[in-house]
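One letter stands for each residue in the lines below.
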Amino acid sequence: MPTPRISFEFFPPKDIAGAFRLSDTVRDLAPLDPTFVSVTYGAGGTTRELTHDAVTTIHNRYGLNVAAHLTCVDASRAETLEIAQSYAEAGITEIVALRGDPPKGQGGFAPHPEGFANSVELIEALAATGKFNLRVGAYPDPHPEAGSDTADVDWLKRKIDAGAASAITQFFFEADTFFRFRDKCEKAGIDAPIIPGILPIENWGGVKKFATNCGAKVPGWLDDAFDKALRDGREDLLSVAVAAELCSDLIDGGVENLHFYTLNKPHLTRDVAHALGVTPRVALQKVA
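This structure is a prediction, so every number in the text was calculated from the model and none was measured.

Caption draft 1: Broad picture of the overall build of the protein chain. Across its full length, the protein chain holds 10 helices and 8 strands. In summary, the protein chain has a C-alpha radius of gyration of 18 Å against a globular reference of 19 Å for 288 residues, a match within 12%. Overall, the protein chain is about 55 × 50 × 40 Å in size when its C-alpha atoms are taken along their principal axes. A buried classification covers 49% of the 288 residues belonging to the protein chain. Restricting the contact set of the protein chain to residue pairs at least 6 apart, pairs at least 24 apart contribute 81%. Summing over all exposed atoms, the protein chain offers an accessible surface of approximately 13500 Å²; the carbon and sulfur share of this is 49%. Looking at the protein chain, you have 28 positive and 39 negative side-chain charges, and the mean spots of the two groups are 1 Å apart.

Next comes the structure, spelled out in structure tokens:
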């Protein structure tokens with residue numbers, strides 16, 4: 001089996017304990033030589049400054065290629081592009097451009113009066129600067145707001161046409177889910193790389209709730225397996241086995257890149273990577 005290229009997603013810390021956890025996570029996973037790492041942006045733009053601090057710290061301290069998440073939520077066009085410019089000045093050349101989730105309690109997404117109406121407008125503006133490699137989100141299972149069976153593919157096509165170079169999918173649980181989506185994208189004329197998003201399951205109850213909110217289908221066999229593993233105290237063993245098998249099936253189907261949602265907890269992601277033959281290859285750089 002070919003060894004995949006991997007990347008990781010982190011989220012910005014909200015307190016001192018979170019800062020230590022993020023630092024420990026990056027330190028543990030950086031030796032696996034990711035092609036890039038991304039840092040998320042909280043719902044409603046709530047972590048704007050925290051995201052910026054985390055992105056620049058990881059870039060400067062560990063020498064990693066960092067992609068900053070940037071959304072349309074609760075900011076004018078000028079404010080959003082100012083944030084992007086600050087990334088460019090800090091040496092950040094990758095952005096994950098997203099519409100973003102609305103603030104809690106708002107219900108649905110409502111554009112800022114002077115902001116970008118959607119992710120396509122954001123991508124067009126960022127692409128026009130010529131300063132960034134742009135990545136976008138994709139949904140193998142239907143997005144909760146999708147208006148039709150083709151909406152997710154149609155939107156992805158618009159985002160790629162607007163200037164995005166690649167897409168990262170929402171997590172899913174079965175390889176066929178990704179392959180069906182990839183086939184639809186190819187038929188729609190999308191030729192940009194689509195990177196599967198992998199979520200090693202650290203807390204099954206939490207993941208099921210998250211999956212429901214984002215539209216990811218939960219297969220019955222997986223629910224049964226975790227029910228048994230929870231009774232036997234073997235959740236981590238099952239999590240690594242399930243994620244490694246999913247990744248192996250994807251690689252057998254021609255996938256070369258995998259993006260791991262780490263939740264700032266490195267051990268499961270590290271163990272899955274090792275199972276795929278991805279082992280430490282480089283020493284940490286620029287460690288302060």
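Anyway, onward from the coordinates.
Caption draft 2: Geometry of the packing of aromatic side chains. A complete count under the given rule lists 8 aromatic pairs for this structure. Where Phe-8 meets Phe-260, the ring centres are 6.4 Å apart and the plane angle is 45°; that geometry is what we call tilted. Here the residue Phe-8 occupies a position in strand S1 (residues 5–10), and Phe-260 occupies one in strand S8 (residues 257–261), the gap between them amounting to 252 residues. A centroid spacing of 5.8 Å and a plane angle of 15° characterise the contact between Phe-172 and Phe-178, whose relative ring orientation is stacked. Its relative accessible area of 1% is what places Phe-178 among the buried residues.

Caption draft 3: Broad picture of the side chain of Thr-80. Take Thr-80: it is sitting in helix H3 (residues 77–89). On the basis of relative accessible area, Thr-80 is assigned to the buried category, the value being 2%. Excluding residues that lie within four positions of it along the chain, Thr-80 makes contacts with Leu-70, Thr-71, Ala-75, Phe-116 and Leu-122.

Caption draft 4: Inspection of the packing of helix H1 (residues 16–29) against helix H10 (residues 266–275) at higher detail. Direction vectors running N to C along H1 and H10 enclose 10°, while the axes themselves pass 10 Å from each other. On the basis of the axis angle, H1 is roughly parallel to H10. For the pair H1 and H10, the contacting residues are Thr-25, Asp-28 and Leu-29 in the first and Pro-266, Thr-269 and Arg-270 in the second.

Caption draft 5: Representation of the sheet that holds strand S6 (residues 166–171) within the structure. One closed barrel accounts for 8 strands, arranged S1-S2-S3-S4-S5-S6-S7-S8; its pairing is parallel. Across the sheet, the mean angle from the axis of one strand to that of its neighbour is 30°, orientation sign disregarded. Taken together, the 4 bridges between strand S5 (residues 133–138) and S6 define a ladder with parallel strand orientation. When the sheet's bridge partners are listed, Gly-137 is paired in S6 with Ile-168. Along the sheet, H3 contacts strand S3 (66–71) and strand S4 (94–98); its crossing angle with S3, the most-contacted strand, is approximately 175°.

Caption draft 6: The arrangement of the packing of helix H6 (residues 175–187) against helix H9 (residues 235–252) in detail. The geometry of H6 relative to H9 is characterised by a closest axis approach of 9 Å and an angle of 35° between their N-to-C directions. Regarding H6 and H9, the two cross each other, and that crossing is right-handed. Touching Ala-175, Phe-178 and Phe-179 of H6 are Leu-246, Asp-249 and Leu-250, all from H9. Each residue belonging to the contact of H6 with H9 can be placed in one class, and the counts come to 5 nonpolar, no polar and 1 charged.

Caption draft 7: Main features of the environment of Thr-150. Turning to its location among the elements, Thr-150 is positioned in the loop between S5 and helix H5 (151–162). Taking the C-alpha atoms as reference points, Thr-150 and Ala-188, 38 residues apart in sequence, are found 9.7 Å from one another.

Caption draft 8: Spatial organisation of helix H4 (residues 119–129). The complete set of buried residues in H4 reads Ser-119, Val-120, Leu-122, Ile-123, Ala-125 and Leu-126. Contacts made by the buried residues of H4 are with S3, H3, S4, S5 and H5. For H4, the side-chain oxygen to backbone nitrogen distance between the N-cap and Val-120 is 3.1 Å, and the N-cap itself is Asn-118. After H4 finishes, the residue Gly-130 shows a positive phi value of roughly 70°.

Caption draft 9: Examining the nonpolar core more closely. Counting residues in hydrophobic clusters, the biggest one holds 67 residues, and the most contacted among them are Ile-58, Leu-126, Leu-156, Leu-250, Leu-258 and Phe-260. Among the elements that line this core, the one with the most residues is H9, at 7 residues. Among residues more than four places away in sequence, those in contact with Leu-126 are Leu-70, Leu-81, Ala-84, Ile-95, Ala-97, Phe-132 and Leu-134. With 20 residues, the next largest nonpolar core counts Phe-171, Val-207, Leu-238 and Val-242 among its residues.

Caption draft 10: Local environment of a negative patch on the surface. Together, Glu-174, Asp-176, Glu-245, Asp-249 and Asp-252 line one region of the surface with negative charge. Ranked by residues supplied to the negative patch, first place goes to H9 with 3 residues. With respect to the secondary-structure elements, Asp-176 resides in helix H6.

Reading the values: rules and limits
- Residues numbered from 1 in each chain as written.
- Predicted model: local features only at pLDDT ≥ 70, side-chain atom pairs only at ≥ 80, totals over all residues.
- Heavy atoms only, no water.
- Helix = DSSP H or I, 4+ residues; strand = E, 2+ residues; numbered from the N terminus.
- Rg over C-alpha atoms; globule rule 2.2 N^0.38 Å.
- Buried < 20%, exposed > 50% of the residue type's maximum accessible area, 1.4 Å probe, protein only.
- Contact = heavy atoms within 4.5 Å.
- Areas by Shrake-Rupley, 256 points an atom, 1.4 Å probe, with all protein chains shown as cover.
- Lys, Arg positive; Asp, Glu negative; His and termini not counted.
- Charge placed at Lys NZ, Arg CZ, Asp CG, Glu CD.
- Phe/Tyr/Trp six-rings, centres within 6.5 Å; stacked < 30°, edge-to-face > 60°.
- Axes fitted to C-alpha atoms, helices over the stretch in contact; angles between N-to-C directions.
- Parallel < 35°, antiparallel > 145°, perpendicular 65-115°, else oblique.
- Pairing = 2+ DSSP bridges.
- Left-handed = near helix turned anticlockwise from the far one by under 90°.
- Nonpolar A, V, L, I, M, F, W, Y, C, P; charged D, E, K, R; others polar.
- Polar contact = N/O pair within 3.5 Å; in protein donor to acceptor, adjacent residues only side chain to side chain.
- Core = buried A, V, L, I, M, F, W, Y, C linked by side-chain atoms within 4.5 Å.
- Patch = residues over 30% accessible without salt bridge, like charges linked within 9 Å, V, L, I, M, F, W, Y side chains within 5 Å.
- Salt bridge = Lys/Arg side-chain N within 4 Å of Asp/Glu carboxyl O.

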